[in-house]
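Here are the chains, one letter per residue:
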Amino acid sequence: MTPGTPPTVDLEKVPIAEVLAHLDANPATGLDAAVAQERLAQYGPNALVEKEKSLAQKLLGYFTGPIAYLIEAAAAISAFLGHWEDFAIIAGLLLFNAALDLWQDMKASNALAALKKGLAPIATARRSGTWGQVQAATLVPGDIVKIRLGEIVPADLRLVAGDFAAIDQSALTGESLPVAKKIGDEAFSGSVVKQGEMEGVVIATGSHTFFGRTAKLVAGAGAVSHAQKAMFQIGNFLIVLALVLAAIMVAFRVYHDVVLSDTWGTEDALRILQFVLVLLVASIPVAMPAVFSVTMALGALALSKQKAIVSRLEAIEEMAGVDILCSDKTGTLTKNQLKLGDAILFDSTDGQDVVLAGALASRIEDRDAIDTAVIEALKDRTVLAGWKTVTFTPFDPVTKRTSAKVTGPDGATVLVSKGAPQVIAALVKAEGAAAERVKKTVEDLGSRGYRALGVARSRDDGQTWSLLGILPMFDPPRDDSKETIDLARAKGVAIKMITGDDTAIARETARQLGLGTNIVPAAEAFPKDMDPDHVPPQIVETIIRADGFARVFPEHKYAIVKALQGQGHLVAMTGDGVNDAPALKQADCGTAVSGATDAARGAAALILTSPGLSVINSAIDEARRIFGRITSYTIYRVALTMTIMFLVVLSSITLGFQPLTAVMIVIMSLLDDIPIMTIAYDNTPVSERPIRWRMPRILSVSAVLGLFSVAQAFGLLLIGLEVLSNPAWKAWFALADRAHLQTAVFLQLVVGGHLLLFVTRSERWFFLPPFPAWPLFTAILATQVVAALMCAFGWLVPAISWQAIGAVWAYNIAWMFVLGAVRLATEKLIDNRTAARARSGALVTQPLQTHLPAAPRKAA
């Protein structure tokens, strides 16, 4: 038998007598202690079991991946050649990137740890005929337990004794009010008892409870971020390029040294290895992971000022491409506060008279949501001070009403009662037209998503009652919800409402917010035995067409998010409860709203600290700015890396000259990339539509710019060699030898790299707005001053003259205009081809739903 729950009978549905018989449980005595111990060994502990990676596995993970492999190969070759200075610098970069990953992992929240906090540590159980406290982890199926006010339900139960209990299971199911329970009902592990006391038999423990199944989904949820995928694609592209160029260079050197020279020795092999080392170092975008992380961290800082805390940095980049937002209803789109509508009058002639009678049948200290709503609906609450409560009978699921005996300011005694309208109608003995009117009113309110509360009063000690009226109740939308939804739609983001609440309530909320009223009950859309990781195509189509879903469970929310992702959409999910945790973790950008449970915050990537969703639009704008900056940097960095690689190979093969040393390449990369981190402050326009990684387009533009940059650098190298061969020019530029020419090439790449960034940072000419932000411009300026001083005074590189430095600058500025024109022409050509493919595709495909944006293309 599988640990956790007996599999042969659906213990949630069968009659209580059958449940007790199947579990061999007796409510009068409970389990024998020895039997409980045997079942504990059989079923396992009533706890969430988490598989954790060992420290060694975690540390090893920081040193894997394409870019890490390139750095490790370069470090190994440096050590083999005995170039310990190169080794120290390269190994330092590897450790820096690993430390950055470790820091982010230490910051990350643990959703399962937060879920565990929601479980009861102690339970009251009857064993061997005696009640006593036991560790909740030792509960087993068949145990008889007692639950009372304020306690957390310790396992999944079927209630077997007691009058009633009101249980708040909103964090698990999304229902906005506590649920009244009676004998035979189920109580879920992790829910909280708000009223009453009952006894129940344990039917499921550990990962087989409703709570445990949610935790299991959380453990399996999540996907590799698109930023990580992009880095892998860039790394793989550069690895393939480096291997091809290395093979060409090695083949050339072997042919030159062995075939032509007919000599081969250790020195020749080491010289070839040295070339491979330089090429490997040249192929590593050493600071790319750091630039990505720092740029997103500064974006997270900006969002924190708008009361949004980022717990997973990659979520910022994901938010830029989000095209569907799945939003919870209660407390997110609505206020999570019941409000009364205008009273529907029966025997009373004054709406406030009905509200007053309902308030007198309420007790504010119980903090019941309905009682609070009724009392707050009084225009003048001071009127209650004139009334004195003699007796009060709280709500229970049998009578389905509250009642009170009160004395008024005039000393007269009055009985008041409020509750389910049909119960109040029976109390007043409504018949005929009156009873029909009550029924029709309730049906009408229900169809519009309103709850109904009947109110009655008796002035003759209960001998006769009058039905004063019916009070409509509704959880109204937040004041900013509709504006937030409209703004999100204007940004190309479709909204789907997903709630555990009733379908009619969901439809009315959706109607008021303009979301569309195609709200599908989860029971109609999802078969009970459906695997949420593999949603059938017909259900996927239902998910796409629907405006929202009602009566959903955690596995439904998770399946909805995963199905939409499977169709190429980037999905954001908002929620606040344990039931939202799996979907929050699976979503590309899970967002825990204000007041969320620890489990929801632990699973989310973005945590809102102010009520409502209005900050979502700010997050989308900030994410799109950041994505634009990262894209600009990526094009610049890949183009520059290609320039260095091709330059090294081309000059080695055609000129027999190594234009850069390994140390020069590393220093140059740092000089180019460290100030580029200030790109996080750059002035970047906000895209009007969702944007995401389009690697073919990015790599195509990078490749074209890279090839033209190779021509730029190789041209300078040829000019330098010509200068060295001309005594007059050599004297004027003060270039003594090829080592000084290496410095000139080094400077050209440092200067040209930053000027290339100015070309890539904007979709227009670099001299048109938006202009670079002051932090970016000053950081680049400062770096150029440092580079010029290094070359002039010989810091870490052979010194060259100021004339040579000025000539390199003039040369780069002229090429800047060439590269600007090349970028504009390349992007125009790519965009035209993309548009042509899109038009041809539109002729043969029809969109599934017009108001849901199609997933952005994965390639351009």
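About the thresholds
- Residues numbered from 1 in each chain as written.
- Predicted model: local features only at pLDDT ≥ 70, side-chain atom pairs only at ≥ 80, totals over all residues.
- Heavy atoms only, no water.
- Helix = DSSP H or I, 4+ residues; strand = E, 2+ residues; numbered from the N terminus.
- Buried < 20%, exposed > 50% of the residue type's maximum accessible area, 1.4 Å probe, protein only.
- Contact = heavy atoms within 4.5 Å.
- Areas by Shrake-Rupley, 256 points an atom, 1.4 Å probe, with all protein chains shown as cover.
- Pairing = 2+ DSSP bridges.
- Axes fitted to C-alpha atoms, helices over the stretch in contact; angles between N-to-C directions.
- Parallel < 35°, antiparallel > 145°, perpendicular 65-115°, else oblique.
- Left-handed = near helix turned anticlockwise from the far one by under 90°.
- Patch = residues over 30% accessible without salt bridge, like charges linked within 9 Å, V, L, I, M, F, W, Y side chains within 5 Å.
- Salt bridge = Lys/Arg side-chain N within 4 Å of Asp/Glu carboxyl O.
- Phe/Tyr/Trp six-rings, centres within 6.5 Å; stacked < 30°, edge-to-face > 60°.
- Lys NZ or Arg CZ within 6 Å of the ring centre and 35° of its normal.
- Expected span 1.5 Å × (residues − 1).
- Polar contact = N/O pair within 3.5 Å; in protein donor to acceptor, adjacent residues only side chain to side chain.
- Core = buried A, V, L, I, M, F, W, Y, C linked by side-chain atoms within 4.5 Å.
- 1 Å grid on protein atoms, 1.4 Å probe; cavity = no way out; pocket = protein on both sides within 12 Å on 5 of 7 lines; lining within 4 Å.
- Points joined across faces, edges and corners; volume = space filled by probe spheres on them.
- Nonpolar A, V, L, I, M, F, W, Y, C, P; charged D, E, K, R; others polar.

A. Layout of the overall build of the protein. Counting its regular elements, the protein contains 30 helices and 22 strands. Going through the 860 residues of the protein one by one, you find that 54% of them count as buried. Considering only intrachain contacts with a sequence separation of at least 6, the fraction spanning at least 24 residues in the protein is 73%. Of the accessible surface of the protein, which amounts to about 36,300 Å², a share of 59% is contributed by carbon and sulfur atoms.

B. Just the pairing of strand β17 (residues 494-498), in detail. For β17, a buried count of five out of five residues is recorded, marking the element as mostly surrounded by other parts of the structure. Residues A494, K496 and I498 line one face of β17 and the alternating positions I495 and M497 line the opposite face, and both faces are buried. Taken together, the four bridges between strand β9 (residues 324-327) and β17 define a ladder with parallel strand orientation. Note that in β17 the partner of S327 across the bridge is M497.

C. Structural context of the environment of L757. Here L757 shows up in helix α28 (residues 738-760). As a C-alpha pair, L757 and M816 span 59 residues in sequence and 10.0 Å in three-dimensional space. When sequence neighbours within four positions are dropped, the list of residues in contact with L757 reads S632, Y633, Y636, I676, I679, L776 and I780.

D. Expanded view of the packing of helix α26 (residues 695-725) against α28. For the pair α26 and α28, the least separation of the axes is 10 Å and the interaxial angle reads 150°. Here α26 is positioned roughly antiparallel relative to α28, judged by the angle of their axes. Read as a crossing pair, α26 and α28 show a hand that is right-handed. Of the residues in α28, those in contact with L705, S709, Q712, A713, L716, L717, G720, L721 and L724 of α26 are R738, L741, A744, V745, Q748, L749, L756 and T760.

E. A look at a nonpolar patch on the surface. Together, W774, F777, L781 and V785 make up an exposed nonpolar region whose accessible area comes to about 440 Å². Structurally, W774 is set in helix α29 (residues 774-793).

F. Quick peek at the packing of aromatic side chains. Per the counting criterion, the structure on display carries 15 aromatic pairs. Taken together, a centroid distance of 5.7 Å and an interplanar angle of 80° make the contact between W84 and F87 edge-to-face. Note that W84 and F87 are positioned in helix α5 (residues 84-107) at a spacing of three residues, about one turn of the helix. Ring geometry for W732 against F733: centres 4.8 Å apart, planes inclined by 85°, an arrangement best described as edge-to-face. Three or more aromatic residues joined by ring pairs make a cluster, and in this case those are W765, F766, F767 and F817. The side chain of K146 reaches across the aromatic face of W131, ending 4.6 Å from its centre. The residue whose ring lies beneath R437 is F346, and the NZ or CZ to ring-centre distance is 3.9 Å.

G. Region of interest: the pairing of strand β4 (residues 156-168). Across 10 bridges, the pairing between β4 and strand β7 (residues 192-204) is antiparallel. Bridging across to β7, I167 finds its partner in V193. Inspection of the sheet shows β4 paired to strand β6 (residues 186-187) by two bridges, in the antiparallel sense. Bridging from a neighbouring strand, L157 pairs with A187 of β6. Sheet topology note: the β4/strand β5 (residues 179-181) ladder contains three bridges and is antiparallel. Across the sheet, the residue bridging to A165 is K181, located in β5.

H. Spotlight on unusual backbone geometry. Across the junction of P769 and P770, the peptide omega takes the value 5°, indicating a cis bond. Here S128, not a glycine, exhibits a phi torsion of approximately 55°, which is positive. You can see S128 is positioned in the loop between β1 (122-127) and β2 (130-135). At K429, a residue that is not glycine, the phi angle is positive and equals roughly 60°. One can find K429 in the loop between α15 (421-427) and α16 (432-447).

I. The arrangement of helix α25 (residues 662-673) in detail. Under the 1.5 Å per step criterion, the end-to-end length of α25 is 17 Å for 12 residues, consistent within 8% with the ideal 16 Å. A large share of α25 lies buried, amounting to 11 of its 12 residues. Listed in full, the buried residues belonging to α25 are A662, V663, M664, I665, V666, I667, M668, S669, L671, D672 and D673. Measuring from the side-chain oxygen of the N-cap residue of α25 to the backbone nitrogen of M664 gives 3.1 Å; that N-cap residue is T661.

J. Inspection of the nonpolar core at higher detail. One finds L606, W693 and F746 to be the most contacted residues of the largest nonpolar core, which totals 121 residues. Sorting elements by how many residues they give to this core places helix α24 (residues 614-654) first, with 20 residues. By size, the runner-up hydrophobic cluster in this structure holds 33 residues, among which are V571, A596, A600 and A603.

K. Examining empty space enclosed by the protein more closely. In this structure the tally under the stated criterion is six cavities of 30 Å³ or more. Lining the largest cavity are L640, T643, S709, Q712, Q748, L749, G752, G753, L756 and L819. Looking at the lining of the largest cavity, the elements that each hand over two or more residues are α24, α26 and α28. Here the lining of the largest cavity gets five residues from one element, more than from any other, and that element is α28.

L. Up close: the pattern of salt bridges. For the coordinates displayed, the defined rule picks out 28 salt bridges. K182 is the salt-bridge partner of D185, the closest N and O atoms lying 3.9 Å from each other. According to the relative accessible area criterion, K182 is partly exposed, its value standing at 45%.

M. Seen up close, the packing of helix α20 (residues 537-545) against helix α21 (residues 554-566). Orientation of α20 relative to α21, taken along the N-to-C sense of each, is 95°, at an axis distance of 10 Å. Classified by the angle between their axes, α20 and α21 sit roughly perpendicular to one another. Here V540, I543 and I544 of α20 lie close against α21, whose contacting residues are A559, I560, A563 and L564. Split by residue class, the contact of α20 with α21 holds seven nonpolar, no polar and no charged.

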